[in-house]
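For reference, the chains in residue letters:
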Amino acid sequence: MKKIPLIIDCDPGVDDAFAIILANSLEELDIKAITTVNGNVGIDLTTRNALLLADLLDLDCTVARGAEVPLVKPLREKSNTHGSDGLGGCLNLFPKEIRKELSKEDAVTTIKNILMDSEEKVTIAAVGPLTNIALLLKLYPQVKEKIEVISIMGGAINNGNVTPCSEFNFYEDPEAASIVFNSGVPLIMSGLNLTVNATLTEENLNEMKAIGNKLSEIAVPMISDYISKDAAIHDPCAILAITHPEMFESEDLYVQIDTREGITRGMSYADYRSKNTNPPNCKVLTKMDTTKFREFIVNSIKL
Ligand code: BDR
Ligand code: CA
């Protein structure tokens with residue numbers, strides 16, 4: 001089977017961890033790199049967590065450290081949604097020693113090199129704040145034609161989780177999100193309006209527990225802690241949007257991000273007006289098959 005070359009830019013983060021676990025389980029994908037960004041926890045921890053996950057899954061791919069701070073916004077205090085370790089308080093379940101070596105090159109250089117060296121177009125799943133991706137597109141605009149699509153978990157149409165209007169990833173770095181949405185690169189957006197449906201049932205958790213392998217022993221406590229704080233497992237949606245588009249309904253829309261100070265900072269909005277003359281810049285996912293989503297998550301840990 002011809003595999004889709006994929007780079008995962010993320011801030012693990014429990015649902016980021018599940019995006020990586022899911023991507024690793026899908027035969028359609030060839031993970032070329034995991035790149036990290038400040039987000040759910042600081043860059044030292046998102047990077048350590050990416051290395052731990054690469055070890056856990058025996059991933060043969062580059063892991064590179066990315067942006068420590070947003071483009072413009074000052075860093076803010078972290079919430080406890082993903083635990084202070086970013087792993088739902090489950091750091092102690094991972095081996096103490098990290099085997100995977102961190103790339104000597106930073107995330108942006110790593111992504112640029114993979115794209116420019118690739119004969120085919122490469123897909124990017126971006127499931128954290130878009131700082132690395134914005135820097136990439138600004139510093140190396142020549143990469144744009146090497147990107148198949150950027151599948152983003154971020155934003156929302158008509159709701160928010162950090163503020164009434166803004167979703168976490170876009171709120172953390174609104175300027176970066178705005179750069180990406182005005183880049184001309186094909187985008188898929190799994191926003192909160194979609195990902196609030198990405199949930200697991202008690203029965204799913206029991207099924208996962210019953211698998212009883214090395215991965216489930218870490219993954220189940222991790223996701224159980226996370227679900228108790230944020231019911232939705234957002235980030236894996238951006239992976240399934242690449243491999244199983246038939247699971248989703250979507251609309252091609254013109255989407256922008258508000259970068260102004262105030263209550264709407266970081267808000268994403270779509271122009272539904274019939275008189276809108278701006279061409280669509282994004283495939284916005286609007287509905288998903290939650291039963292299929294649950295099946296994929298449960299199966300992803302049957303390694
Ligand atoms: C997004 O924010 C983070 O907490 C999650 O990892 C996800 O990427 C949801 O708003
Ligand atoms: Ca994330």
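Everything that follows concerns the structure shown earlier in this document.
Residues numbered from 1 in each chain as written. Chains lettered and ligands numbered in written order. Predicted model: local features only at pLDDT ≥ 70, side-chain atom pairs only at ≥ 80, totals over all residues. Heavy atoms only, no water.

## Focus on the overall build of the chain
Using the following cut-off: Strands are runs of DSSP state E lasting at least two residues, helices are runs of H or I lasting at least four, and both sets are numbered from the N terminus onward. Taken over C-alpha atoms, the radius of gyration is set against a globule rule of 2.2 Å times the number of residues to the power 0.38. Think of it in three bands: with a 1.4 Å probe and only protein chains considered, a residue is buried below 20% of the maximum accessible area for its type, exposed above 50%, and partly exposed in between. Whether two residues are in contact is decided by their heavy atoms, any of which lying within 4.5 Å being enough. Areas reported here follow the Shrake-Rupley algorithm with a probe of radius 1.4 Å; residue values treat only the protein chains shown as occluding.
Summing up its helical and strand segments, the chain has 11 helices and 10 strands in all. Its C-alpha radius of gyration of 18 Å places the chain within 12% of the 19 Å reference for a compact globule of 303 residues. Principal-axis analysis of the C-alpha atoms gives the chain an extent of 55 × 45 × 40 Å. Per-residue burial over the chain gives 58% buried out of 303 residues. A separation of at least 24 residues holds for 82% of the contacts in the chain among residues at least 6 apart in sequence. Total accessible area on the chain stands at roughly 12700 Å², and carbon and sulfur atoms take up 49% of it.

## Comments concerning helix H2 (residues 43-56)
Note the threshold: Take the residue count of a helix, subtract one, and multiply by 1.5 Å to get its expected span.
Its 14 residues give H2 an end-to-end C-alpha distance of 20 Å, which sits within 8% of 20 Å, the value for a rise of 1.5 Å per residue. When you tally the buried positions in H2, you get 11 out of 14 residues, the bulk of the element. The complete set of buried residues in H2 reads Ile43, Thr46, Thr47, Asn49, Ala50, Leu51, Leu52, Leu53, Ala54, Asp55 and Leu56. The inward-facing, buried residues of H2 contact helix H1 (14-25), strand S2 (29-36), strand S3 (62-64) and helix H9 (214-227). Asp58 occupies a position one or two residues after H2 and carries a positive phi of about 55 degrees.

## Things to note about the site of ligand 1
We count it as follows: If a single non-hydrogen atom of a residue is within 4 Å of a molecule or strand, that residue counts as near it. Polar contact is the term for a pair of N or O atoms within 3.5 Å; when the atoms are in protein, one must be able to donate a hydrogen and the other to accept it, and sequence-neighboring residues count only if both atoms are side-chain atoms. Only Asp, Glu, Lys and Arg are considered charged in this grouping, and only Ala, Val, Leu, Ile, Met, Phe, Trp, Tyr, Cys and Pro are considered nonpolar; every other residue, Gly among them, is considered polar.
Around ligand 1, the neighbouring residues are Asp15, Asp16, Asn40, His82, Val127, Met153, Asn161, Glu167, Phe168, Asn169, His234 and Asp235. The separation between an oxygen atom of ligand 1 and a polar main-chain atom of Val127 is 3.0 Å. Across the complex, the protein chains shield 97% of the 280 Å² of accessible surface that ligand 1 would expose by itself. The set of elements that each furnish at least two residues to the shell around ligand 1 consists of H1 and helix H5 (168-172). Each residue belonging to the shell around ligand 1 can be placed in one class, and the counts come to three nonpolar, five polar and four charged.

## Focus: the sheet that holds strand S6 (residues 187-190)
Within a sheet, neighbouring strands are paired by backbone hydrogen bonds and run either parallel or antiparallel to one another. Selection criterion: Here a strand pair is declared whenever DSSP counts at least two bridges between the two strands. Whenever a helix is involved, its axis is fitted only over the stretch in contact; in every case the axis is a line through C-alpha atoms, and angles between N-to-C directions fall within 0 to 180 degrees.
Across the sheet, eight strands lie side by side as S3-S2-S1-S4-S5-S6-S10-S7; this open sheet has mixed pairing. Here the strands that pair on one side only, and so sit at the sheet edges, are S3 and strand S7 (248-253). Strand-to-strand, the axes of this sheet are offset by a mean angle of 25 degrees, without reference to chain direction. Here strand S1 (residues 4-10) pairs with strand S4 (residues 122-126) via four bridges, running parallel. Note that in S4 the partner of Ile7 across the bridge is Ile124.

## A closer look at the coordination of the calcium ion (ligand 2)
Heads up, the condition is: Water is absent from the atoms considered, so a metal site may look incomplete; donors are defined as N, O and S atoms within 2.8 Å of the metal, or 3.2 Å for Na, K and Ca.
The protein atoms that coordinate the calcium ion (ligand 2) are Asp11 (OD), Asp16 (OD), Asp16 (OD), Val127 (O) and Asp235 (OD), at distances of 2.3 to 2.7 Å. The sequence pattern formed by the donor residues of the calcium ion (ligand 2) is D-x4-D-x110-V-x107-D. Linking Asp11 in the loop between S1 and H1 with Val127 in the loop between S4 and helix H4 (131-139), this pair joins segments that are 116 residues apart in sequence. A single burial state applies to Asp11 and to Val127, both of which are buried.

## Quick notes on a nonpolar patch on the surface
Put simply, the rule reads: Exposure above 30% relative accessible area and no salt bridge define the residues that can form patches, which grow by joining like charges within 9 Å and nonpolar side chains of Val, Leu, Ile, Met, Phe, Trp and Tyr within 5 Å. In the sections that follow, a salt bridge refers to a side-chain nitrogen of Lys or Arg positioned within 4 Å of a carboxyl oxygen of Asp or Glu.
Among the surface-exposed residues, Leu71, Val72, Leu135 and Leu139 lie close enough to one another that they form a single nonpolar patch of about 330 Å² accessible area. Residue position: Leu135 is located in helix H4.

## Some details on the packing of aromatic side chains
This is how the line gets drawn: Ring geometry is summarised as follows: Phe, Tyr and Trp rings, the Trp one being its six-membered ring, pair when their centres sit within 6.5 Å, and such pairs are stacked at plane angles under 30 degrees, edge-to-face over 60 and tilted between the two. Two conditions define a charge located above a ring, namely a distance within 6 Å from the ring centre to NZ of Lys or CZ of Arg, and an angle within 35 degrees of the ring normal.
Within this structure, the stated rule accounts for one aromatic pair. Here the basic side chain of Lys73 rests over the ring of Tyr171, its NZ or CZ set 3.4 Å away from the ring centre.

## Notes on the pairing of S2
Formally: Here the term right-handed applies to a crossover when the path leading from its first strand over the helix to its second strand runs clockwise, the strands being oriented away from the viewer.
Of all eight residues that make up S2, six are buried, and the element is covered over most of its length. The parallel pair S1 and S2, bridged by H1, forms a crossover whose chirality is right-handed. Sheet topology places S2 next to S3; three bridges connect them, and they run parallel. Looking at the pairing, Ala33 lines up with Thr62 of S3.

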